[in-house]
Structures are given as C-alpha cells and as structure tokens.
Amino acid sequence: MNKILLLLIMVARRDLVLAMRRRADVLTTLIFFVMVVSLFPLGVGPETDMLRKMAPGVLWVSALLASMLSLGRLFSADYLDGTLEQMLLAPQSLSVLVLGKMAAHWMVSGLPLVLMTPVLGLQFDMPLKAVGVLMLSLLLGTPVLSMIGAIGAALTLGLRGGGVLLSLLVLPLCIPVLIFGTGAVGAVTDGLGYSSHLSLLGALLVLAAVFTPWVAAQALRISME
Amino acid sequence: MNKILLLLIMVARRDLVLAMRRRADVLTTLIFFVMVVSLFPLGVGPETDMLRKMAPGVLWVSALLASMLSLGRLFSADYLDGTLEQMLLAPQSLSVLVLGKMAAHWMVSGLPLVLMTPVLGLQFDMPLKAVGVLMLSLLLGTPVLSMIGAIGAALTLGLRGGGVLLSLLVLPLCIPVLIFGTGAVGAVTDGLGYSSHLSLLGALLVLAAVFTPWVAAQALRISME
Amino acid sequence: MAINWFKYSAPTMFYPLAGKLIPWFAVSSAILFVAGLYLGFVVAPSDATQGEFYRIIYIHVPTSILSMFLYLVMAGYAALGLIFNTRLSAMMASAIAPTGALFSFIALWTGALWGKPMWGTWWVWDARLTSELILLFLYLGFISLHASIDDPRRADRAAALLAIVGSVNVPIIYFSVKWWNTLHQGSTIKFSGTSMQVTMQHAMFTMLAACWLYAAAVVLSRVRSIILERERHTKWIAELSEVQS
Amino acid sequence: MRPFEIVGGDYKAAQSVESIVYNPKLVNFRFVFMLEVSNLACSRGDHRLFAGLSFALHSGQVMQIQGANGSGKTSLLRTLCGFIQPDEGKIAWQGVDVRDLAEDYFARVLYLGHLNAIKDELSALENLRISAGLSGIKLNESDAIAALRRMGLKGRERLPVKVLSQGQRRRVALARLLVSDAVLWILDEPLAALDVNAVALIEELLDEHLAKQGMVIFTTHQPLKVAGVEMRSLSLS
Amino acid sequence: MRPFEIVGGDYKAAQSVESIVYNPKLVNFRFVFMLEVSNLACSRGDHRLFAGLSFALHSGQVMQIQGANGSGKTSLLRTLCGFIQPDEGKIAWQGVDVRDLAEDYFARVLYLGHLNAIKDELSALENLRISAGLSGIKLNESDAIAALRRMGLKGRERLPVKVLSQGQRRRVALARLLVSDAVLWILDEPLAALDVNAVALIEELLDEHLAKQGMVIFTTHQPLKVAGVEMRSLSLS
Amino acid sequence: MSLDIWMRENPLTYVWLGSYAVAFLVFAIEIAMVMHKRKVTLQQVRQTIEVEESE
Ligand code: HEM
Ligand SMILES: Nc1ncnc2c1ncn2[C@@H]1O[C@H](COP(=O)(O)OP(=O)(O)OP(=O)(O)O)[C@@H](O)[C@H]1O
Ligand SMILES: Nc1ncnc2c1ncn2[C@@H]1O[C@H](COP(=O)(O)OP(=O)(O)OP(=O)(O)O)[C@@H](O)[C@H]1O
Ligand SMILES: [Mg+2]
Ligand SMILES: [Mg+2]
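Let me sum up the structure you'll find in this document. Bear in mind the structure is a predicted one, so any value in this text is a computation, not a measurement.

**Focus on the sheet that holds strand β3 (residues 62–66) of chain E**
All names here are of chain E.
No. 1: With respect to topology, five strands assemble into an open sheet ordered β6-β7-β8-β3-β9, the strand pairing being parallel. Two strands lie at the open edges of the sheet, namely β6 (109–112) and β9 (231–235), each paired on one side alone. Between one strand and the next, the sheet's axes are offset by a mean angle of 15°, whatever the strand orientation.
No. 2: Both strand β7 (residues 184–188) and strand β8 (residues 215–219) contribute to a ladder of five bridges, which runs parallel.

**Description of the packing of aromatic side chains**
No. 1: Counted by the stated rule, this structure contains 23 aromatic pairs over all chains.
No. 2: Seen from their ring centres, C:Phe33 and F:Phe27 are 5.8 Å apart, and the 45° between their planes marks the pair as tilted. Here the residue C:Phe33 occupies a position in helix α1 (residues 11–43), and F:Phe27 occupies one in helix α2 (residues 11–54), the pair thus bridging two chains.
No. 3: Geometrically, the ring pair formed by E:Tyr105 and E:Phe106 is tilted, given 6.4 Å between the ring centres and 50° between the ring planes.

**Focus: the coordination of the magnesium ion (ligand 5)**
Residues and elements named next belong to chain E.
No. 1: Taken together, Thr74 (OG1) and His114 (NE2) make up the full set of protein donors to the magnesium ion (ligand 5), lying 1.9 to 2.4 Å away. You can see Thr74 sitting in helix α2 (residues 73–81) and its partner His114 sitting in the loop between β6 and α5 (124–134), a full 40 residues away along the chain.
No. 2: According to the relative accessible area criterion, Thr74 is partly exposed, its value standing at 22%.

**Observations concerning the interface of chain F and chain C**
No. 1: The interface is formed by 30 residues belonging to chain F together with 39 residues belonging to chain C.
No. 2: Buried surface at the junction of chain F and chain C, both sides included, amounts to about 3300 Å², of which 71% is carbon and sulfur.
No. 3: Our count for the contact surface shared by chain F and chain C stands at two salt bridges.
No. 4: Across the pair F:Arg38 and C:Glu242 runs a salt bridge, and its minimum N-O distance is 3.1 Å.
No. 5: There are 12 residue pairs in polar contact (both at pLDDT 80 or more) connecting chain F and chain C.
No. 6: Elements supplying a minimum of two residues to the side of chain F that touches chain C: α1 (2–9) and α2 of chain F.
No. 7: In terms of residues, the side of chain F that touches chain C owes the most to one element, α2(F), which gives 26 residues.
No. 8: Looking at side-chain class alone, the side of chain F that touches chain C contains 18 nonpolar, five polar and seven charged residues.

**Comments concerning the coordination of the iron atom of ligand 1**
No. 1: Looking at the iron atom of ligand 1, one finds just one donor atom contributed by the protein, C:His60 (NE2), at 2.1 Å.
No. 2: Within the secondary structure layout, C:His60 lies in helix α2 (residues 57–84).

**Comments concerning the sheet that holds strand β3 (residues 62–66) of chain D**
Residues and elements named next belong to chain D.
No. 1: Pairing in this open sheet of five strands is parallel, and the strands run β6-β7-β8-β3-β9 from one edge to the other. For this open sheet the edge positions go to β6 (109–112) and β9 (231–235), each flanked by a neighbour on one side alone. Averaged over neighbouring strand pairs, the angle between their axes works out to 15° when direction is ignored.
No. 2: In terms of strand pairing, β6 meets strand β7 (residues 184–188) through four bridges, oriented parallel. Considered in β7, the bridge of Leu112 is made with Leu187.

Criteria and thresholds
- Residues numbered from 1 in each chain as written.
- Chains lettered and ligands numbered in written order.
- Predicted model: local features only at pLDDT ≥ 70, side-chain atom pairs only at ≥ 80, totals over all residues.
- Heavy atoms only, no water.
- Pairing = 2+ DSSP bridges.
- Helix = DSSP H or I, 4+ residues; strand = E, 2+ residues; numbered from the N terminus.
- Axes fitted to C-alpha atoms, helices over the stretch in contact; angles between N-to-C directions.
- Phe/Tyr/Trp six-rings, centres within 6.5 Å; stacked < 30°, edge-to-face > 60°.
- Donors = N, O, S within 2.8 Å, 3.2 Å for Na, K, Ca; no water.
- Buried < 20%, exposed > 50% of the residue type's maximum accessible area, 1.4 Å probe, protein only.
- Contact = heavy atoms within 4.5 Å.
- Buried area = accessible area lost by both parts, 1.4 Å probe.
- Salt bridge = Lys/Arg side-chain N within 4 Å of Asp/Glu carboxyl O.
- Polar contact = N/O pair within 3.5 Å; in protein donor to acceptor, adjacent residues only side chain to side chain.
- Nonpolar A, V, L, I, M, F, W, Y, C, P; charged D, E, K, R; others polar.

Right, dumping it as structure tokens:
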C-alpha cells in the first residue's frame, strides 16, 4: 500500500515538475479560462440580471473546455518520446501510474481554475454564497473531468485529429458533471438545498477514482499496440 | 505572381490532404463545435428567451475555441518532424508558405463551422435574419482568427521564457473580432444597422491578410534558432 | 442435445447464415412497413388534441426506441469482443454503429418536426431531447474513433472500451438531464393521461417491428462486407462463389 | 551493502526476493533464467514479418537479431516486451507465459527502443532518476551522477536534455543500463548516433552484464563485439 | 529533355537559369561553385563549440566533419544552413554572404538533419513529392516512384510512413537526394538506421553527385567511402 | 410564419414530407450505401486474391 502511494506521488511529482518547466502551459490553461469567461459579457451584452443567471453555467462550461484543452498533452508527450513504453514495462501497476498522471493533470489544469473562480464569480455579480457553492462544486467536479478525460486521451493517443476527436469522445461523458455542478449553484440561488447535488458529484468522484484509472490503463495498452 | 499563387495552393493542398487523410477529421471539428454550442444550454438552463439572447455570443466563442484547439498542430507537427527546417530552407518566400498553411487551417476549422451555423441558430430559436448576419460575420471573422492564431502558434513553438508573455499577447488580439462579430448580430436583433460592424470585420480581414503572414514567418524564424 | 452457440460465432459459419437471413428480414420488414403505414394513416383515427400531427408518432417512437436499444446491443457486442477476443462480436459492434446513429438522427429529426406544430418551436432543451442528442454524439464518437485508427484490431478494442464506458454513462446522463430539467420545466406535452387507442397501438407496434427487421437486415449485410474485408486473405473467402465469379 | 544474490533454483523464491537495497555493480544473477520463444508469428498490416520463430536464451547468453531494414527486428523485440500481441506462438519466461506473469516479467526486463524515452525539458540527471524510479529503483543523486559521468556526460548532467546533441541524448538513455537490476536487456540499435568511444563503452557494459549472468538481445546495423561469450545470431529474412 | 546546364562563369547568369523542366539524372553542374567559411565561431549556452574555423569547398569536393558526440558537428551544419547565427565569422557562397543571398542560396542547398522531415500520416510517395515541391521542383508520380524504388522501398510507396521501420523512414528522407537539383548537400548522419545495402547505395549516390561536380558536407560515426575524389575531413575537438 | 400557416392547412402533407419522406430517404440512402459497400468490398477482395495468386 505504502509502496503504491510512493509510486503515485513520484509520478505526480514528475508531471508537476515537467509542467513547471514549461510554465506557459499552466498559464495558458488559466488564461484561456479567464478569457472565455470574460468574453461572454462581451458577446451577450451587459444586462446584470442575465449575466448573474448565466454565470455558473458559463464558468462550468469554460472549466470543462479548459481542462479539455490541456488533455491532449496528458499522454501524448510521453507517447512520442517513448516514455510511455517504459511505463507499460514498469514492474508496477499501470493503473497507479495513470492515477498519478491524472492527479498531476488536475493540479495543473483544475485546481488553478477553482482558485480563480471567486474573482470571476464576483465579476458576474454572483452572491457570495453561490460563489462558495460554485467553488465547492468545481472542487469536486474538475477531478472527474480530468479522470474521464484521461480515458479519452488514452484512446486517441497517436491519432491525427487528436484534440478535437478527444473532445468529441469526452464531452458527452462529462455532461452529468456539468449538470450536477451547475445544478448545485442553481439550487442555492433559488433558495433550495444544494447538498444533494454536491453529494451526487462526490459519488461521481468516488466512482471515477475507482474505475477510470483501470479503464485508462487498458486504453493505453490498446493504443500502444 | 503566378508562381507564388501556385506555391500557395501547393502548401494549402498539402495541409488539406493531411487533414483529409482522416476523413473524420473535418467532421470532428464540426461536431466539436456543435457539442460546445450544445453544452451551454446544459450549463445555463433551458429558458428560451435567455438562450436566444446568448446565442450569438455562444456561437462566436465556440467558433473561437474550435479554431484555437486545432491551432496547436498548425506548426508544431512540422516543427517536431523537421519539416519546418525544410520550409525555412525553401527557395521561396516563407510568408507565402505561411499564408498557405493559414488558408488550409481556415478551410478545415473555420469554413465548416460557418456552414453549420444555421442549424445551431435554429436550435437557439434565433430569427432568420440574425442567423444570416451571424453567418456573414463568421465568414469574415474566422479567417482572422486563423491568421492571428498562426502568429501565436509560431511564437509558442520554441517556448523558452518569452513564450508565456507572447501567448498572453495573442489571445486578446482576437477580442475585436469577437466584439464586431457579435455586435453585428446584436445590431440586427435590435433593429439597427449592422453593415458598419461587418465592414470593420472586413477591414480586419484585409489587414490581417496583409500583415500576419509576414509576422508569423518572422516568428517562425525566431522560434527555430 | 445442446446447441453449440459458439459455432455461429465464427465468421466462417456466420457469413453464409447471415446471407440466408437477410432476404427474410428485408422482405418481412418491407411488408410490415406497408402494413404499419396503412394502419397508421388509414385505419387509425386522428387524435382529439393533436389532429393529424400526432401521426408522426408511428415513425418517431420506433426510431427513438431502436436508437437506444441498438446502443445497448452495440456495447454488448463490443464487450463480448473485448473480453473473449471473438472477432465476430467486434465486427457486429462496428456494423451496428452507423445504423444506430441514423436511427437517432431520424428520431431527432421527426421529434423536431413534431415540436414545431405542438410546442411552436423546433427544439427545446428537454430531458428526452437532450439525452437523445447526446446519444447521437456517443454514436458519432464511436464511429470517429473506429475510423481514426488504421489497424482494425486496435480500432475494435479501443472503440469497444469507449462503447462500454458510454453505456455506463447513458443512464447517468439520462437521469442527470431529467433532474436538471425538472427544476425549470414541468412535464410538458406527452399524451397526458389518455391511454393510447388500440388501433394506434397496433400501428405503432407494426412499425416498431418493421424498423427492427430493417435494422437487422442492414446490420447483417454490413457485417458481411466487414467480414469479407477483414478476412480477405483467408482461404474460405477465396472459395466463396460470389468472390470467384 | 550486500549484493543482490539469488542462489536458489526455485522461480517463486527468486520472485520473492524484492526491493533489497542493492548496489547494481555487485549484482550477480546466479539464478539461471530462461526466455523461451516457440513458434512465434507476427504480421503487420498485410505483411507477414516472421513465422515459426523458436529459440531459447539462457543466463549469460547474448543474441543479435539481424536483418535488413523493415525485416521485422523492432517488431520482434516489441513482441518480446509484450507491446505487440503475436499472431501465433508463445513467449515464456522460466516456463511461464509472459502474459500471465505481466509485472513479474517486466521487472526482469530493460527495453531500449528507437526512442530515447527522455524528456526534453528535464535534465539528464532528472531523467535518469525518474526512469530508474519507474522501474522501481530508488537512485540517489550521487549514484546517478556517477552513472552519467561514466557515460561521458560530465558537465552536462544538469542541462535540459533538449540542448544536448543527438549522441549525448542517446547516452542519457543508455545510462539506464548502468543503474538497472534487470536480467534481460532488450536493445534496439543501442549504437545509433554514438561515436567510437561510446560504442566501446557499450561493448564493455554488455561484457559486464553477461559476465554476471545477464541476458542480452539486441539489433544493430553496426559491428559490435562481445568478449568472453559466443554471440548467437538470428536472421530475419 | 535537355539537362539543366549552366555553362557560363557568371553567377548572376547562373541564378537566372531557373525552372527548366529537367531530369535530375542528367544534371551536370558545369559552373564552378564555392562555399567559403572564414573565421567561424559558434557557442551554445556557455560552451564555445568551435572558433576560428575556416575552409573553402569547391565543386566536386566532399568534406567529412568529424568529432565526438557533442563536439558541435550538427551545430556547424545548421550554421551553414543559416538556422543558427554564428557568433563571429562569415559564410560566403560565390563570394557573397549567404545571409544576403537568402533564398538564392537556399535554392542551392539540400539539408538532411537528424530529423527526417517526413509526415507520419502521408505515404512515402506523397512525402517525397511534397518535399520536392517545397524545394521548387515539380515531381511527377512515376519519377517519384522510381526514386523510392531505387531507395529500396518497392511495395511500400503508398503505405503511410508511420507504419514503416526506422530504416525505411530514413530511406524516404534520403530519396530527396535522388530528385534534388541542389549543388551543396549538407547531410547530418545520413547513415543512421540504415542497413548495409542502403549504406552502399548512399555511397553510390555521393559518387554520382560528386562526379557531376556537386559538393557534399557530411557527418557520420560510421565508415563511409567515396570513390574518385579525395575526401577532406575537418575535426572538431 | 408562412410555414406555420401552410402547416396548419396541410397537416398530413407536412407530416408525410417532413418525417416519413425524410426517414425513408435516410433508409434508402443507408441501403444504397450498404449495397455499394458490398460491391466495392467484393471487388477489393477479388483484387487482393489476384495479387496473392500472382505472387
Ligand atoms: C427533437 C425532438 C424529440 C426527440 C429527440 C425525442 C426523443 C424521444 C425519445 C428518445 C423517445 C423514446 C422514449 C421512450 O421510449 O421512453 C421518445 C418517445 C416519444 N416522444 Fe419524442 N422526442 C422529440 C420530440 C417529441 C415531440 C415534439 C413529441 C410530441 C409532441 C414527442 C412525443 C413522443 C411520444 C408520445 C413518445 C412515446 C412516449 C413513450 O412511449 O414513453 N416527441 N421521443
Ligand atoms: N500496416 C502495415 N502495412 C504494411 N506493412 C507494414 C504495416 N505496419 C508495418 N509494416 C511493415 O512492417 C515492417 C516493420 O518492421 P520493423 O520496424 O520491425 O523493422 P526493423 O527490422 O526494425 O527495421 P529497421 O532496421 O529499419 O529498424 C516494415 O517493413 C513495415 O513496412
Ligand atoms: N544551452 C546550452 N548550454 C550548454 N551547452 C549547450 C547548450 N546548447 C547546446 N549545448 C552543447 O552544444 C553541443 C551541441 O552539439 P551538436 O549537436 O552540434 O553535436 P554533434 O557534434 O552533432 O554531436 P552528435 O554526434 O552527438 O550528433 C552539445 O555538446 C551540447 O551539450
Ligand atoms: Mg527497427
Ligand atoms: Mg549531431
């Protein structure tokens, strides 16, 4: 158990170091998120009421897209330079390696968005409580996006049309996360209970954490053949 | 002149052949667009009035994303396999080569979106005239996105310290296109004249066509050293 | 005596069997289509509230149901192929996908056409509609992924994995969408309360059977082509009469 | 520090001797290992690359796979690693099918392909430590530096690998040979891009590995000599 | 078809003879060209790779750049192509600085680096025709196929390059040598991944090119022989 | 608007043209595609067999 944890940390740390080496990658995900969110008022017009209503949806969709944007690189760099072959040959469980990579991906492309959310939420004039729930929902939901996304990334490895094909595969699968996430915020602004939405998101998170690493590992083995 | 045109066509055709090699490729860009557009109602909620108002913004932002997602591959594939070196060594003007690549990128990632717009507009219950103007604005605007994006793609090739700053510079450059584009549609739904917006877009297009190939070519030379 | 089910899981046996079945399916499907249309448009009375427009139901409901059913069948075959490494199941899965996608397209199209007179709009973001749209995306994802991979064995396995993940997700999608939607909009325009008339039911079941048989015929015929393509280096293909002529 | 010694003749016992803190220079695989390939067939696309291929390789033996460009050498090596499913035939390690052994087999294998499996952004040092970590070996910094120095990368240990020359990058990849405890080395053109000094070094490493009862399978288009043992060779048509 | 003949002694005249429909096999560069490098210095990062490097290369001459891994061979070749700005010194073609000539110089040069510059998704045939197109040559299909066959790729002309073996991919890249009209070939380890037959073929091509008064600069860690002319060599420390 | 009026006046035509005609058109296209695919595949198979025999 302990050994597995060590391995997980090692893999995650490696990916984080790599991400920090190319700091541009982390920043572009974040900037992309901020830009997409800020573009909306420009496209839709400045009516505060409508903007407030749109805010959770826009933030969630942008987060979904931002994490999609960085998914392409999740395995493809390792694939192109041969590291992935070495990972398949590692005398440890591939699922754990994959989980480590998922964790690193979330820390680079999910966590910053969560931290950025309050600023953007206030831009849209969201009430404070709603912003809190939005953050919580993103905190629970973005890891699921990374995990489901990893399956797609593994399946589309080495294929042309990678990025777009990837989103085609992954976006439909991510819809429940999106709906529960925005649902929670919608509930709190309507004065209803939001805990059921959040616990459903939590359930999705647990489910994803249990199954997706294994599925993604299988997908990798298939793609490497 | 004739020779330049031939070269342009050759380069564009090469990139199109590469894209068509997977016939699914063009289709997936399109499906991606459709899917992102469909995600917004899921995030925001199904109220027709609000959706109708959001529609031009949503479609424009999605078009921007679709062309962004496919930008990564514009030069980086050529860079990694050494083709870019050969292009720099070509006995012809690099700007023309770059323009050819831009054109191909637009034909794969911009044009299909324009053609798909009417269907999506109807899903959002937009009036017919607004759909027409939206299409026109996309037709003028998406090439500009491809061209500006090409500069970004060229600059982020080498990605040393400066890369971050430069990608920061490029994203905001797309904002005017977005504002004029959605502005035109907003004007027509408000019953105002939209021609000024469109002619501004046209001006941007001409400007971009004249300058961006050269700028992107310089960026490439810098990135390759 | 037990029947050897695995006997027909070999392409060698399945190919001629499918060849024999296809005409039967095709002919009975055509007959049922004619009968169903007759029942639906001539025998069945017009609806009290919806007038003639309700007659879209005879094509809309069968295609909707089949589009969902076919996804399950496809995922089932894909799973079989992945687990037992049987060649035929994977081929069946990739043969079903286009038909399923077309059925969901027709369901969307006829639904939209029905929506215009009933709701006054082509499209609303209703739970059923949205999940049907997502189902179409899932089909398209399967097809695109399969088409993007050159090596057919690898394509089969990758697409199978996707189909399985998708089939786990379909119920989650359905319920999440339904729940999301009911926050805003009550149950709207279904046949509220009124149980369907008997002739209408007959017509609909006839059409459903017709669509089902049609799907079977098309899928079998497609799978035969796939078998030919994949096994073209084997001897039994070279000995087939249609190949030699 | 005690070397890593497996003296029994029982495979399961050998499997259980794990995660000993060990010094690779002292490793001596006294246990006799065997890789057995029987009736292997592999095709890519429409081409049948090879069929009916059988051989056995024991501890202390080395085998060169020969063949023209495109004859299937790389495909054979990748099949041996389990990346490619063979059309027919079996690959057995100690008599057990490698697909059943999975991780237990991988722990015995070191594969070096056409690709270097190094990250451009990381330094040689980081790359080596990470790839050792992936194969389950904790490598401290000074050992890693020593290995890189032996590979002739003195002064380049902390440069990002992307600025290194082609041959230096290959050397970084080859440094894994120095820190690995794998028995079976599978090397696909290890000499690519290397200069004469580096080639001599690789020959030395192979000799050392064979002397301590390791096994090597490799391909190369350049001449390569091993001392001490007879080199077997397998030609793909 | 008339071969592409430049008989004058005037550089500008030679420049204007362009886009003649020509048969590369008949090309004969009767005009005398000269590449002149004087006092060249180049450093990467903190390392000074070479300095005070001077030499001249004339039509019909061949030069091998020698040196250990990381000694700066690739950097020198890339400097000659104009990818890298030298710290000091000048590179002149026919007495004119190559930076002033720009495209006029590029038209004379064929560079083959460590990377193959081929697209995985395209077939060998498409790759060859496109790269010829980039260097301004219109290549019809049958000529391209003939070139690929000569490179030993018969039957693989229409496969996507990504399924080819390492050596076959290198051969696709090298097929450019057969269809190019460039005078100066700059080859960075052309023999990498090639089997013995292919090496012999490359030697043959170099001989042909030199015989028709071409110029070659190359690096390699493997032995390579050219007949007919004396091979000059330049050692980087 | 004009579509709305036409639709209310000719409901059966609307239903027929809009849904059934489109659906059967889709079916017809699919059938054609399947038959075409069979033809092409058979040709392809014959070709490969010829090539293999000639080798
Ligand atoms: C694009 C629009 C539409 C889509 C995608 C769609 C989708 C579906 C689906 C997937 C089903 C099968 C559900 C099941 O069997 O449980 C269904 C059934 C049905 N649909 Fe639609 N539909 C659309 C529009 C409409 C409209 C406008 C009406 C009528 C006003 C309608 C009436 C029905 C009815 C009566 C059923 C059968 C209900 C049942 O048996 O449970 N649909 N539709
Ligand atoms: N899809 C395919 N269709 C046809 N041929 C294929 C396909 N995939 C691979 N091949 C062929 O299989 C062979 C693969 O060879 P492999 O890479 O194993 O060669 P190799 O012996 O390692 O050669 P090299 O010395 O050049 O590295 C090549 O000849 C290639 O053309
Ligand atoms: N930023 C840098 N800092 C320090 N050294 C650098 C930097 N960039 C490049 N170098 C060094 O410059 C040299 C580049 O060598 P080059 O690629 O020209 O070698 P080469 O002679 O072609 O070698 P090979 O035979 O391995 O291909 C390497 O020794 C490399 O370590
Ligand atoms: Mg090989
Ligand atoms: Mg070099």
